[in-house]
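Survey of secondary and tertiary structure
So you can see what is in the structure, the chains are spelled out below.
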Amino acid sequence: MTAVPRIVVSAPSSGHGKTAVTVGLLAALAARGLRASGFKIGPDHTDAAYLGLAAGRPGRNLDPRLVGPSRVAPLFTHGANGADIAVVEGTMGLFDSLTGRADSHSTAGVAAALRAPVLLVVDVGAMGQSVAALVHGFRAYDEMLWLGGVILNRVASERHEQLLREALDDIGVPVFGALRRRDLPPALPPRHDGVVPVVHRAVEAARGVRRLGEGIAAAVDLERLLALARSAPQLTIEPWSARGETPAVAVGRRPVVALAGGAGLSYSYAETAELLTAARATVVPVDPLRDEQLPEGTDALVIGGGLPESYAEELSANRRLCTEVAALAEAGRPIIAEGAGLLWLAREFDGRPMCGVIDATGMSTDQMVVGYREATARASTPVAQVGARVVGYKQHRGMVNPRSGPNPAWTWGGSSPEGFVLRRVHASQLMLHWAGVPEIAHRLVAAAAPAVPAAPATPAPTPPAPRPPSEEPTDPSLVSPSDEVNA
């Protein structure tokens, strides 16, 4: 059970500034000495990384489609353990969902599962009293929604702010803050950089988070917001546990699993490392952009879907690491590559040489492929047993030719097979959240575990010398065990 104060930040649609507000809220709360925890609804690695940077602890994703609606609240209570407040950033508009299931997969659905109040961020740059009609509509649309209040973004002037506050006061919706257009500048690094600035702890990323925190602290009533968050009722739900999901693998020596990322953040979801550790792996980070060698004694490699495609030049330039990855694959060690990890394993990407593990080439396009996939495993690998069904997510511009090898990784929805399986390499642009398929960690550790040397054979006992007939025992109770065996 948990009674952690919590709040969900959402908006009428994308583009209202909810990411900047959420990052700024976490930074402002952390600056006040509070232990904050940040969450992102949906599969977005980048937003979660900046939420984690602002809070000072790993940002986590809550995606009902990838992990199942029943796991969302347990994952939340696990990630919020020990926090003074949890701030959850929504996805898209409050009632929107890529799956079309607003009741469980939208921000409103997750807020209901967490029994958390919603703070609506509204871009009012071209709006007056109509803000009341907009907010009233969102509040009335779902009677189960707990709309705690709003934050006004891109307010033009004091007069404009007064008009907006009066309109919302008429419908009984509190305003927690009003941000001028200059209060939330585009302070974070370009989105195409993905999580790399956070992984590398870039000055630009830290400065951007700090600026957003300062803007929120000056314009938002944090005391009222904390009071709202503390009014959330207790969640009577057992926290998710990596140990409960993944039985430890019986191994002689813990296999070393290299996880692509940095010292404090990987390109995988936070639960991946926790599941691997629970399965008795030693997880060691490896930075594909900077490290020239795999960790000593690497038995397996995992490249999560958060690795950005935009760093093809840096990935290609790291020839020594490319060579080591190719040698690891040639030695038959397990490698799991998702998203841009597949492009890194290819022969080349945009004309640049890569690791050469996969006999394919990649090329950037102008078209973004985005969406969930219900996939079926085409081969038994460290990821899944043949025929297993999983839900994954795709978000990429890079296209692979051919789309799959002789042994594909997945099929879905009547499309042609996708991905590559060779030796113990499983490479696909499909990204999985391991908390939704926790058996991956157990399978990978079992495949990566060093072979335990066979115990030396016990020499056969020497048969006793035959006794003279007169000395043979006649009472069965006097027959020794060795005599019974050799009889």
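Below or above, wherever it landed, is the structure these notes cover.

Thresholds applied
Residues numbered from 1 in each chain as written. Predicted model: local features only at pLDDT ≥ 70, side-chain atom pairs only at ≥ 80, totals over all residues. Heavy atoms only, no water. Buried < 20%, exposed > 50% of the residue type's maximum accessible area, 1.4 Å probe, protein only. Helix = DSSP H or I, 4+ residues; strand = E, 2+ residues; numbered from the N terminus. Right-handed = clockwise from strand over helix to strand, strands pointing away. Pairing = 2+ DSSP bridges. Axes fitted to C-alpha atoms, helices over the stretch in contact; angles between N-to-C directions. Parallel < 35°, antiparallel > 145°, perpendicular 65-115°, else oblique. Left-handed = near helix turned anticlockwise from the far one by under 90°. Contact = heavy atoms within 4.5 Å. Nonpolar A, V, L, I, M, F, W, Y, C, P; charged D, E, K, R; others polar. Core = buried A, V, L, I, M, F, W, Y, C linked by side-chain atoms within 4.5 Å. Polar contact = N/O pair within 3.5 Å; in protein donor to acceptor, adjacent residues only side chain to side chain.

Walk down a regular strand and you will see the side chains alternate between the two sheet faces. The element strand 7 (residues 175–180) is extensively covered by neighbouring structure, given that six of its six residues are classed as buried. Between the parallel elements strand 6 (residues 147–155) and strand 7, the chain passes through helix 8 (residues 158–170) in a crossover that is right-handed.

Reading across from one edge, 16-15-18 is the order of the three strands in this open sheet, with antiparallel pairing throughout. Each edge of the open sheet is held by one strand with a lone partner, namely strand 16 (389–396) and strand 18 (410–411). Note: strand 15 (residues 369–377) against strand 16, eight bridges, orientation antiparallel. Note that in strand 16 the partner of Ala375 across the bridge is Val390.

In this section: the packing of helix 1 (residues 18–31) against helix 2 (residues 45–55). Following both chains from N to C, one finds helix 1 and helix 2 inclined at 20°, their axes separated by 7 Å at the closest point. Judged by the inter-axis angle, helix 1 sits roughly parallel to helix 2. Here helix 1 runs over helix 2; the crossing is right-handed. When helix 1 is examined against helix 2, the residues Thr19, Thr22, Val23, Leu26, Ala27 and Ala30 are found in contact with a partner set consisting of Asp47, Tyr50, Leu51, Ala54 and Ala55. Taken together, the residues of the contact of helix 1 with helix 2 break down into eight nonpolar, two polar and one charged.

This paragraph deals with the nonpolar core. Ranked by size, the top nonpolar core spans 81 residues in total, and within it Phe76, Val131, Val135, Leu152, Trp410, Leu432 and Trp434 carry the most contacts. In terms of residue count, the dominant contributor to this core is helix 17 (residues 439–448) (five residues). Those residues within four positions of Phe76 in sequence are excluded, and the remaining contacts are Val4, Arg6, Phe39, Leu62, Ala86, Val88, Leu114 and Leu235. Grouped together as the second largest cluster of nonpolar side chains are 74 residues, Val21, Ile151, Cys322 and Ala329 included.

We now examine the sheet that holds strand 10 (residues 298–303). Spatial ordering of the open sheet is given by 9-8-10-11-20-19, a layout of six strands whose pairing is mixed. The open sheet has two edge strands with one neighbour each: strand 9 (282–286) and strand 19 (420–422). Taking the axes of each pair of neighbouring strands and ignoring which way they run, one obtains an average angle of 15° across the sheet. Bridge count for strand 8 (residues 256–260) against strand 9 is five bridges, and the pairing is parallel. Bridge pairing in strand 9 links Leu259 to Pro285.

Bringing the environment of His200 into the picture now. Relative to the helices and strands, His200 resides in the loop between helix 9 (196–199) and helix 10 (203–219). On a C-alpha basis, the gap between His200 and Leu26 in space is 20 Å, while along the polypeptide they are 174 residues apart. Not counting residues up to four positions away in its chain, the partners in contact with His200 are Asp287, Leu289 and Arg290. Polar side-chain contacts of His200 include one of 2.7 Å to the side chain of Asp287.

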